[in-house]
Amino acid sequence: MAELKELTEKEVEAMLLETSAIMEGHFLLTSGLHSPRYVEKFNVLQRPEYTEKLCRAMAAKFVDANIETVVGPVTGGILLAHETGKALGTRAIFTERENGKMTFRRGFTLHKGERVLIVEDIVTTGGSIREVIDVVKAHGGVPVAVSMLVDRSGGRATFGDVPGTALLHMDVQTYEPDNCPLCKKGIPITKRGSTGK
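Residues numbered from 1 in each chain as written. Predicted model: local features only at pLDDT ≥ 70, side-chain atom pairs only at ≥ 80, totals over all residues. Heavy atoms only, no water.

1. Brief notes about the side chain of Thr-103
Right, so step 1: Of note, Thr-103 is situated in strand S5 (residues 101-104).
Right, so step 2: Apart from the residues lying within four places of it in its own chain, the contact partners of Thr-103 are Thr-95, Glu-96, Glu-98 and Val-135. (Helix = DSSP H or I, 4+ residues; strand = E, 2+ residues; numbered from the N terminus. Contact = heavy atoms within 4.5 Å.)

If you want it as structure tokens, here you go:
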């Protein structure tokens, strides 16, 4: 197996820019906040060679951490967990929402004390990741760390006793909808993706 190699933030940013994953406009984020910049992860994740490089860089930080399973939240987290797990030689599973609550489905389980690396694509508030940590702990697993493709929280997203690391750090301004200067200027929300989310 080829050696796992970390990437510099400039190398990661170059991949995201080349694939138009970093976008400018007026965006409604999953968190409900508004932002002038958005990272469309699927613009880069649709490129398997880039996804593999990015996940191998995520894995490189954890080669000596005795990770047994990589877990990511649906949807982008599935691809990241799969490729990162492949790079580490571990199993890869994912969480998804059932009746609005993050959970394991499809027969996924963890044994008591199972060492888990949690991966996520773009983190703004860290809310989804904290839910994944709770699911891992509830199933007897030990969340060793969180590895993010992009931390766009400016360092504000934290995960309690679980350390976090990211391939790229961005401090992107976000606004409550009632306090959004882009809305006040009448700039329409930028449509993105097939769902317009």
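2. Observations concerning the packing of helix H3 (residues 48-60) against helix H4 (residues 76-88)
Right, so step 1: One can describe the packing of H3 onto H4 by two numbers: an axis separation of 8 Å at closest approach and a directional angle of 60°. The angle between H3 and H4 places the two elements in the oblique class. Here H3 and H4 pass one another in a crossing that is right-handed. Taking contact as the criterion, the partners of Thr-51, Glu-52, Cys-55, Arg-56, Met-58 and Ala-59 in H3 are, on H4, Leu-79, Leu-80, Glu-83, Thr-84, Ala-87 and Leu-88.
Right, so step 2: Taken together, the residues of the contact of H3 with H4 sort by class into seven nonpolar, two polar and three charged. (Axes fitted to C-alpha atoms, helices over the stretch in contact; angles between N-to-C directions. Parallel < 35°, antiparallel > 145°, perpendicular 65-115°, else oblique. Left-handed = near helix turned anticlockwise from the far one by under 90°. Nonpolar A, V, L, I, M, F, W, Y, C, P; charged D, E, K, R; others polar.)

3. Some words on the packing of aromatic side chains
Right, so step 1: For the structure shown, the criterion picks out two aromatic pairs.
Right, so step 2: The interplanar angle of 80° and the centroid separation of 5.2 Å between the aromatic rings of Phe-94 and Phe-108 together place this pair among those described as edge-to-face. Taken together, the residues Phe-94 in strand S4 (residues 91-98) and Phe-108 in the loop between S5 and strand S6 (115-123) connect sequence positions 14 residues apart.
Right, so step 3: For Phe-94, a relative accessible area of 15% gives the class buried.
Right, so step 4: The cationic tip of Arg-47 hangs over the ring face of Tyr-50; the distance from NZ or CZ to the ring centre is 4.7 Å. (Phe/Tyr/Trp six-rings, centres within 6.5 Å; stacked < 30°, edge-to-face > 60°. Buried < 20%, exposed > 50% of the residue type's maximum accessible area, 1.4 Å probe, protein only. Lys NZ or Arg CZ within 6 Å of the ring centre and 35° of its normal.)

4. A closer look at the pattern of salt bridges
Right, so step 1: According to the stated counting rule, one finds 13 salt bridges in the structure shown.
Right, so step 2: Measuring nitrogen to oxygen at the nearest pair gives 3.2 Å for the salt bridge that ties Lys-61 to Glu-6. Here Lys-61 is found in the loop between H3 and strand S3 (69-73), whereas its partner Glu-6 is found in the segment before helix H1 (9-18), with 55 residues between them in sequence.
Right, so step 3: Judged by relative accessible area, Lys-61 falls into the partly exposed class, the value being 33%.
Right, so step 4: On the accessibility criterion, Glu-6 (42% relative accessible area) is partly exposed.
Right, so step 5: One network of salt bridges, in which partners are shared, links Glu-96, Glu-98, Arg-105 and Arg-106. (Salt bridge = Lys/Arg side-chain N within 4 Å of Asp/Glu carboxyl O.)

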